[in-house]
Amino acid sequence: MLGRTANGVFWMARYLERAENTARLLDAGFRMAMTRDYLTSEAEWRSLIETVGMTHAYEAAHSSYTGVQVWNFMLRDKANPGNVLAMIEAARTNARAVRTALTREVWEAVNESWMLLKEAMARPVREASLGEVLSTVRRQMTLVRGAMEGSMLRNEIHNFTRLGTFIERGDSTARILDVKYYVLLPSLAWVGSSLDNVQWESVLRSVAGERSYRWLNAGSMDARGIADFLLLDQRFPRSLAFCIDKLRSNLRGLAHEYGHETSAHEKLRALGTRFHEATIESVFEGGLHEFIQEYIACNRRVALAIEQDYRFYA
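Residues numbered from 1 in each chain as written. Predicted model: local features only at pLDDT ≥ 70, side-chain atom pairs only at ≥ 80, totals over all residues. Heavy atoms only, no water.

For the rest of this paragraph, the subject is the layout of surface pockets. In this model, the largest pocket occupies a volume close to 530 Å³. If you go around the largest pocket, you meet 26 residues; those closest to its centre are Arg18, Val52, Glu168, Asp171 and Arg175. Looking at the lining of the largest pocket, the elements with two or more residues in it are helix 1 (3-33), helix 8 (156-184) and helix 15 (288-309). Classifying every residue of the lining of the largest pocket by side-chain character gives twelve nonpolar, seven polar and seven charged. (1 Å grid on protein atoms, 1.4 Å probe; cavity = no way out; pocket = protein on both sides within 12 Å on 5 of 7 lines; lining within 4 Å. Points joined across faces, edges and corners; volume = space filled by probe spheres on them. Helix = DSSP H or I, 4+ residues; strand = E, 2+ residues; numbered from the N terminus. Nonpolar A, V, L, I, M, F, W, Y, C, P; charged D, E, K, R; others polar.)

Now the structure itself:
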């Protein structure tokens, strides 16, 4: 397989996952903002922009954090090159470039998603239609993922799509949890304490984990337990530990395919060792923010190594 094909399916999967994660984050933020007064809801909208790392770009275009400005900025605003519609279009562009490496079902799902969302976001999204737009994003991304899982061979192409998915998913979960502690909280003294259930519910909703967490914990909302769930619980498909495990298995598949390992395997081993030895107690003792930032940096290094290591493979 040519390196450009590997790069195409890798980034197609990354853009699709990032679009879905952004929609989930917006949905949780919208629900949260609706329960708050004006000043508190403005802080909630600001936290969404902080989470996706778009503060400078947003403040260059807007002077305040109102809901309609934030969700349109994140969904369709041309002042934001990382908006959801642009991500779906980038995923489609990559899919079209490597169309012969994809099944018909995958290509059609990606193309249909782009056409539907382009129409849905042709005009500024109003509050009345926001829920439906976000549902469409989540539904279409689920459709694409189902087409991948149900029609693609378990070969190197599949491995590269999975690597793109879990690189992006882990980064999103880490950033959401980090911002929860260091942007939304009124004081660092509250870290690790029993906090507002509505806020914690919004965190779990943004990673599609509310029902799973409640099922495992008899409905209780506990800050330390939620952090443990999102960081270290290998049963939850959006936890950092789960994402690392899937990166490991798909890189192992590539090593088997090509006959040797690369620098990406070494970088992932270092990250995996850190998680294997971690407990939630040791994480809090060393600093949750520091732990998450270390993960984000290591995850980024793994992603860059994957791109560089497989650029010239054929």
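This part is about the pattern of salt bridges. In total, this model carries 19 salt bridges according to the counting rule given. Two residues, Arg175 and Asp171, come together in a salt bridge whose shortest N-O distance is 2.8 Å. With Arg175 and Asp171 both in helix 8 and four residues apart, the pair spans about one turn of that helix. Here Arg175 falls in the partly exposed class, since its relative accessible area comes to 27%. With its nearest N and O atoms 3.4 Å apart, the salt bridge here joins Arg214 to Glu210. Remark: Glu210 and Arg214 occur in helix 10 (residues 210-216); sequence separation between them is four residues, near one turn of the helix. We classify Arg214 as partly exposed; its relative accessible area is 28%. (Salt bridge = Lys/Arg side-chain N within 4 Å of Asp/Glu carboxyl O. Buried < 20%, exposed > 50% of the residue type's maximum accessible area, 1.4 Å probe, protein only.)

Now for empty space enclosed by the protein. Think of a ball as big as a water molecule: rolled over the atoms, this probe shows where empty space is left. All told, the structure shown has two cavities of 30 Å³ or more when counted by the stated rule. Reported here for the second largest cavity is a volume of approximately 90 Å³. Taken together, Ala13, Leu16, Glu17, Glu20, Met141, Val144, Arg145, Met148 and Thr165 form the lining of the second largest cavity. Residue assignment for the lining of the second largest cavity shows that the elements contributing at least two residues are helix 1 and helix 7 (127-151). Partitioning the lining of the second largest cavity into residue classes produces five nonpolar, one polar and three charged.

Our focus in this paragraph is the environment of Arg269. Among the secondary structure elements, Arg269 is positioned in helix 13 (residues 263-276). A relative accessible area of 45% places Arg269 in the partly exposed class. As a C-alpha pair, Arg269 and Leu204 span 65 residues in sequence and 28 Å in three-dimensional space.

Two numbers describe how helix 5 (residues 84-97) lies on helix 6 (residues 104-120): the axes approach to 9 Å, and their chain directions differ by 150°. Considering their axes alone, helix 5 and helix 6 lie roughly antiparallel with respect to each other. The chirality of how helix 5 crosses helix 6 is left-handed. For the pair helix 5 and helix 6, contact is made by Leu85, Ile88, Glu89, Ala91, Arg92, Ala95 and Arg96 and by Trp107, Val110, Asn111, Ser113, Trp114, Leu117 and Lys118, respectively. A breakdown of the residues in the contact of helix 5 with helix 6 according to their chemical character gives eight nonpolar, two polar and four charged. (Axes fitted to C-alpha atoms, helices over the stretch in contact; angles between N-to-C directions. Parallel < 35°, antiparallel > 145°, perpendicular 65-115°, else oblique. Left-handed = near helix turned anticlockwise from the far one by under 90°. Contact = heavy atoms within 4.5 Å.)

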